[in-house]
Amino acid sequence: RKGKDSKKTERLLSGKLTPAQSKKALEKELKKQKVNILLNTSIKEVLTCNNIVTGIKLENGKNLECDKCIIATGGKSYHLTGSTGDGYKFAKKLGHTIIDIKPSLVPLVCYENTLCKELQGLSLKNVKISFEDISKNKNIYNDFGEMLFTHFGVSGPTILSGSAHLVRYKNI
């Protein structure tokens, strides 16, 4: 089927929702359940009594009562998004065990990034990447797929997947 709705139809037939459809469905359900949503709000602590959530304390000192809360803090690796890693602090205080935090699924920075800056925005498909430890003549990771040059280095699905293997190999 051709036309403006063909991509939408393809995605629905595959059983997947587009990001816009997912957001709309989530917002509809949250409204139906009368969920209070606070955006761009800094939380100081999750309040509990006898290991049961009773509310949250905001950075501005205000306490909000609730019996359930979802706190989307983001991770710790990308501070430019506003994430501070506070989620780990909240989870630990609530009794969760926190393992050592290591980077994963991250773009790679090129120290000699003049070439990367010149190629910024160039997206490549059907690219083979290989991470090698030249000193040990050892292959760390191979992949085939998409890659993107950025102003600071390289990214894209193959690079992000490979970064997790590189971190484990180098024990960063």
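First, a word on what this report is: a plain description of the structure on this page.

Thresholds applied
- Residues numbered from 1 in each chain as written.
- Predicted model: local features only at pLDDT ≥ 70, side-chain atom pairs only at ≥ 80, totals over all residues.
- Heavy atoms only, no water.
- Pairing = 2+ DSSP bridges.
- Helix = DSSP H or I, 4+ residues; strand = E, 2+ residues; numbered from the N terminus.
- Core = buried A, V, L, I, M, F, W, Y, C linked by side-chain atoms within 4.5 Å.
- Buried < 20%, exposed > 50% of the residue type's maximum accessible area, 1.4 Å probe, protein only.
- Contact = heavy atoms within 4.5 Å.
- Patch = residues over 30% accessible without salt bridge, like charges linked within 9 Å, V, L, I, M, F, W, Y side chains within 5 Å.
- Areas by Shrake-Rupley, 256 points an atom, 1.4 Å probe, with all protein chains shown as cover.
- Salt bridge = Lys/Arg side-chain N within 4 Å of Asp/Glu carboxyl O.
- Expected span 1.5 Å × (residues − 1).

**With respect to the sheet that holds strand β5 (residues 123-133)**
Within a sheet, each strand pairs with its neighbour through backbone hydrogen bonds, oriented either parallel or antiparallel.
Logical step 1: Strand order in this open sheet of four strands is β4-β7-β6-β5, and the pairing throughout is antiparallel. A strand with exactly one partner marks an edge of an open sheet, and here the two such strands are β4 (108-109) and β5.
Logical step 2: Pairing geometry for β4 and strand β7 (residues 153-155), over two bridges, is antiparallel. In the strand pairing of β7, Leu108 is matched with Val154.

**A word on the nonpolar core**
Logical step 1: Within the largest apolar cluster, ten residues are counted, these being Cys116, Val127, Ile129, Phe131, Ile140, Tyr141, Met147, Phe149, Val154 and Ile159.
Logical step 2: Elements with a contribution of two residues or more to this core: β5 and β6 (138-149).
Logical step 3: The biggest single contributor to this core is β6, with four residues.
Logical step 4: If near-sequence neighbours (up to four positions away) are discounted, Val127 is found in contact with Asp143, Phe144, Gly145 and Met147.

**Some points on a nonpolar patch on the surface**
Logical step 1: Taken together, Val35, Ile37 and Leu39 make up a surface patch of nonpolar side chains, about 300 Å² in accessible area.
Logical step 2: Following the sequence through the fold, Val35 ends up in the loop between α2 (19-32) and β1 (43-49).

**Regarding helix α5 (residues 157-170)**
The α-helix winds at 3.6 residues per turn, so residues separated by three or four positions along the chain end up facing the same way.
Logical step 1: Its 14 residues place the ends of α5 20 Å apart at the C-alpha level, agreeing with the 20 Å of an ideal helix rising 1.5 Å per residue.
Logical step 2: Taken residue by residue, α5 has Thr158, Ile159, Gly162, Ser163, Ala164 and Val167 as its buried positions.
Logical step 3: Where α5 is buried, its residues touch β4, β5, β6 and β7.
Logical step 4: Looking one or two residues past α5, Asn171 carries a phi angle of roughly 55°, positive in sign.

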